[in-house]
Amino acid sequence: MPRHIDYYFSLQSPWAYSGHRLFRDIAASHGAAVAVKPVMLLDLFAETGGLPLARRHPARQRYRIVELKRWRDKRGLDFHLQPRNWPFNARLADGVVIAAMQAGLDPEPYLQRAFPAIWEQQLNLGDAEVITRLADAAGLPGRDLVAKSGSDAVAAVYEQNRQDAIAADVFGSPAYVLDGEIFWGQDRLELLADALKSGRSAYTSEP
């Protein structure tokens, strides 16, 4: 049986973007099955005590920029620290991921385009036409998926993902949950790879 990873993220998250490619490579190299679970970050923050960026102390905001620079170099990426169209409402863009899966389609080609569209190309992923073009370029039926993104069925999965995240003690993006063990942040990807390689039992919060 392949190992299973629940992947919680939002296209809003620069950290999900910076770790996405490496995460998929790690999962593939270990034959792990990935459950893609987009989640509304503001709702998750509100439930678990996190704060939106604008409400964080200036020291935390400044340190975030330093960390983005470090990990931009570490991951070999080239992106804007403050993209022109960020922040944006990720509901539509995240919803396309869910709509694709509900249609039996792989959302990965769309994600591979959507993440850099925000952080590298500075496109507006709050715009339905932009998302449609990205999905079309990924070989997906963009207009159909964008239309379905706002449906009650997609909204129900989005909400269920939030509830699943809270039940799993997830509080931010990205989070990778392997056998109940949470790896929060793309800076924990190497630790996730170690856990997959070793086959060890999951660590828990028990003393």
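Summary of the structure given here. In this text, all values refer to a predicted model and were calculated from it rather than measured experimentally. Residue positions are given per chain, counted from 1 along the sequence in the order it is written. Only residues with pLDDT of at least 70 get local features here, since the model is predicted, and only at 80 or more are side-chain atom pairs given and counted; chain-wide, interface and lining totals rely on the full set of residues. In computing side-chain values, all of the structure's heavy atoms are included and hydrogens and water are not.

Turning to the overall build of the protein chain, a few remarks are in order. When you go through the protein chain residue by residue, the secondary structure sums to nine helices and four strands. From first element to last, N terminus to C terminus, the protein chain shows the α and β order β-α-β-α-α-α-α-α-α-α-β-β-α. With C-alpha atoms as the basis for the radius of gyration, the globule rule is written as 2.2 Å multiplied by the number of residues raised to the power 0.38. Rg of the C-alpha trace for the protein chain: 17 Å, near the compact-globule value of 17 Å for 207 residues, within the 12% margin. For every residue, the accessible area (1.4 Å probe, protein chains only) is compared with the maximum for its type, and the residue is labelled buried under 20%, exposed over 50%, or partly exposed between those bounds. Taking all 207 residues of the protein chain together, the buried fraction comes to 44%. Summarising the internal contacts of the protein chain: among those between residues at least 6 apart in sequence, 73% fall at separations of at least 24. Note that accessible areas follow from Shrake-Rupley with a 1.4 Å probe, and for residues the cover is restricted to the protein chains shown. In the form shown here, the protein chain has an accessible surface area of approximately 10,500 Å², with 51% of it arising from carbon and sulfur atoms. Separation between the mean location of the 24 positive side-chain charges and that of the 25 negative ones in the protein chain comes to 6 Å. Note on conventions: DSSP H or I runs of at least 4 residues are helices, E runs of at least 2 residues are strands, and numbering of each starts at the N terminus. Should any heavy atoms of two residues lie within 4.5 Å, those residues are counted as being in contact. Asp and Glu count as negative and Lys and Arg as positive, but His and the ends of the chain are not part of the count. Charge positions come from single atoms, namely NZ of Lys, CZ of Arg, CG of Asp or CD of Glu.

Turning next to helix H9 (residues 189–198). Three or more residues of H9 are buried, namely Leu189, Leu192, Ala193, Ala195 and Leu196. Looking straight down H9, one finds that the buried residues subtend no more than 160° of arc, so they occupy a single side. Residues of H9 that are buried sit in contact with strand S1 (4–9), helix H1 (14–29), strand S3 (175–178) and strand S4 (181–184). Directly beyond the C-terminal end of H9, a positive phi value near 70° is found at glycine 199. In this description, one arc is meant: the one made by directions from the helix axis to the C-beta atoms.

Let's shift gears to helix H6 (residues 128–137). Here H6 has its buried residues at Val130, Ile131, Thr132, Leu134 and Ala135. Buried residues in H6 make contact with helix H4 (91–102), helix H5 (108–119) and helix H7 (142–149). Where H6 starts, the residue carrying a side-chain oxygen 2.8 Å from the main-chain nitrogen of glutamate 129 turns out to be aspartate 127. Looking one or two places after H6, you find glycine 139, whose phi comes out positive at around 80°. N or O atoms within 3.5 Å of each other form a polar contact, as long as, within protein, one can give a hydrogen and the other can take it, and as long as residues adjacent in sequence are counted only when both atoms are side-chain atoms.

Function cannot be inferred from these measures alone, as they are strictly geometric.
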